[in-house]
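In case you want the letters, here they are:
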Amino acid sequence: MPVLRNPADRMADIVVLTAHPRLEHSRVNLMLMEAAQQLPAERVMVRDLYALYPDYLIDIAAERAVLARAKLLVWQHPLHWYSLPPLLKLWVDEVFGFGWAYGPGANALRGKDLWMVVSTGGSAQAYHPSGHNRHFIDAFWPPHEQTAVLTGMRFLPPMVVHDAHRVAQREVAAQSALFADRLASYPNWPELADLPDTEPCDVGPGDRPQR
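The present account deals with the structure reproduced in this document. Predicted model, so just to flag it, every value in this text is computed and none were measured. (Residues numbered from 1 in each chain as written. Predicted model: local features only at pLDDT ≥ 70, side-chain atom pairs only at ≥ 80, totals over all residues. Heavy atoms only, no water.)

Looking at the overall build of the chain
Move 1: Of regular secondary structure, the chain possesses six helices and six strands.
Move 2: Taking 2.2 N^0.38 as the reference for a compact globule, 211 residues should give roughly 17 Å; the C-alpha atoms of the chain span a radius of gyration of 17 Å, in line with that estimate.
Move 3: The C-alpha extent of the chain, read off along each of the three principal axes, is 50 × 45 × 40 Å.
Move 4: Per-residue burial over the chain gives 51% buried out of 211 residues.
Move 5: Taking contacts inside the chain between residues at least 6 apart in sequence as the whole, the part at least 24 apart equals 80%.
Move 6: Accessible surface, the chain as shown: approximately 10,600 Å² in total, 54% of it carbon and sulfur.
Move 7: Once the 19 positive and 23 negative side-chain charges of the chain are each reduced to a mean point, those two points are 2 Å apart. (Helix = DSSP H or I, 4+ residues; strand = E, 2+ residues; numbered from the N terminus. Rg over C-alpha atoms; globule rule 2.2 N^0.38 Å. Buried < 20%, exposed > 50% of the residue type's maximum accessible area, 1.4 Å probe, protein only. Contact = heavy atoms within 4.5 Å. Areas by Shrake-Rupley, 256 points an atom, 1.4 Å probe, with all protein chains shown as cover. Lys, Arg positive; Asp, Glu negative; His and termini not counted. Charge placed at Lys NZ, Arg CZ, Asp CG, Glu CD.)

Examining the environment of Val15
Move 1: Within the element layout of this structure, Val15 appears in strand 1 (residues 14–18).
Move 2: Taking the relative accessible area as the measure of exposure, Val15 reaches 1% and is therefore buried.
Move 3: Separated by 178 residues in sequence, Val15 and Ala193 have C-alpha atoms that sit 22 Å apart.
Move 4: The contacts of Val15, once residues within four sequence positions are left out, are Met45, Arg47, Val66, Ala70, Leu72, Leu73 and Val74.

What to know about the pairing of strand 3 (residues 72–78)
When a strand is regular, its side chains alternate between the sheet's two faces.
Move 1: Across the seven residues that make up strand 3, a large majority, seven, are buried.
Move 2: By the alternation rule, side chains of strand 3 split into Leu72, Val74, Gln76 and Pro78 and Leu73, Trp75 and His77, which are all buried.
Move 3: Bridging between strand 1 and strand 3 involves five bridges; their strand directions are parallel. Across the sheet, residue Val15 finds its bridge partner in strand 3, namely Leu73.
Move 4: Bridge analysis of strand 3 against strand 4 (residues 113–119) gives seven bridges, and the strand direction is parallel. Bridging across to strand 4, Trp75 finds its partner in Met116. (Pairing = 2+ DSSP bridges.)

Quick notes on the packing of helix 3 (residues 60–69) against helix 4 (residues 86–95)
Move 1: It is at 10 Å that the axes of helix 3 and helix 4 come closest, and there the two elements cross at 85°. Viewed along their axes, helix 3 and helix 4 adopt a mutual orientation that is roughly perpendicular. Judged by residue contacts, Ile60, Glu63, Arg64 and Leu67 of helix 3 engage Trp91, Glu94 and Val95 from helix 4.
Move 2: Residue composition of the contact of helix 3 with helix 4, grouped by class: four nonpolar, no polar and three charged. (Axes fitted to C-alpha atoms, helices over the stretch in contact; angles between N-to-C directions. Parallel < 35°, antiparallel > 145°, perpendicular 65-115°, else oblique. Nonpolar A, V, L, I, M, F, W, Y, C, P; charged D, E, K, R; others polar.)

Describing the nonpolar core
Move 1: Of all hydrophobic cores here, the largest spans 39 residues; its most connected members are Leu73, Trp75, Trp91 and Phe96.
Move 2: The element contributing the most residues to this core is helix 4, with five residues.
Move 3: When near neighbours in sequence (up to four residues on either side) are disregarded, Leu73 contacts Val15, Leu17, Leu67, Trp91, Phe96, Asp113, Leu114 and Trp115. (Core = buried A, V, L, I, M, F, W, Y, C linked by side-chain atoms within 4.5 Å.)

Here's the deal with the pattern of salt bridges
Side-chain pairs of opposite charge can arise whenever the charged atoms involved come near each other.
Move 1: Tallying each qualifying case throughout the model produces eight salt bridges.
Move 2: Between Lys71 and Asp13 there is a salt bridge, with its nearest N and O atoms 3.4 Å apart. With Lys71 in the loop between helix 3 and strand 3 and Asp13 in the segment before strand 1, the pair connects residues that are 58 residues apart, well separated along the chain.
Move 3: Residue classification places Asp13 among the buried residues on the basis of a relative accessible area of 15%. (Salt bridge = Lys/Arg side-chain N within 4 Å of Asp/Glu carboxyl O.)

A look at the packing of helix 1 (residues 28–37) against helix 6 (residues 169–185)
Move 1: With their axes 9 Å apart at the nearest point, helix 1 and helix 6 run at an angle of 35° to one another. Here helix 1 and helix 6 pass one another in a crossing that is right-handed. Between helix 1 and helix 6, the residues in contact are Val28, Met31, Leu32, Ala35 and Ala36 and Gln169, Val172, Ala173, Gln175, Ser176, Phe179, Ala180 and Leu183, respectively.
Move 2: Looking at the contact of helix 1 with helix 6, its residues break down into 10 nonpolar, three polar and no charged. (Left-handed = near helix turned anticlockwise from the far one by under 90°.)

Some remarks on helix 6
Move 1: With 17 residues, helix 6 should reach 24 Å at 1.5 Å per residue; the first-to-last C-alpha distance of 24 Å fits that figure.
Move 2: Buried within helix 6 are the following residues: Val172, Gln175, Ser176, Phe179, Ala180, Arg182 and Leu183. Considered in projection along helix 6, the buried side chains sweep an arc of 160° and stay on one side of the axis.
Move 3: On its buried face, helix 6 is in contact with strand 1, helix 1, strand 3, strand 4 and strand 6 (159–161). (Expected span 1.5 Å × (residues − 1). Arc of directions from axis to C-beta.)

From the geometry alone we can't say anything about function, so treat these as descriptive.
The structure is reproduced here in structure tokens:
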């Protein structure tokens, strides 16, 4: 397994959160993570959440410190029931707290970018109105996009690797190289010029009263 990088050692412009409950059995997510780890450490920090927190006891202060300097936050994970794996969902619940990530005066994440890099067990054809998932893959992004908007982050078009159990090894290698190239070239992605900055949603005291 890769050596974990301690957030106390340094900060980075890009933080990749890899969240796979059985990473040792993964081809796609393991290769994606390893490709990111080949990039300069001062540029990209890779954090394997399930290795960091096998007990699900998240160090909120440490995670927030990691995000302080980052300009790009990457959620790299398999799609679980059309959403996030459980530990990544818990990470969002605890790290993106009221008064820090959103709410009156909360601007810790404002101006950053959020990018989802997702693998699916189903084929691209399965994510179609005629497939068993009944929707295009884009139909499953709105909750995550709204999470970004609520915290003042810009939601970038996700990268998806379909058919993770059957995709050819050469295609996994190609996607991993593409992932590394995108990280290395951020923020100089042509499509970002057409994406507007995000205006965060105002959450008033009446919508989220203090306890």
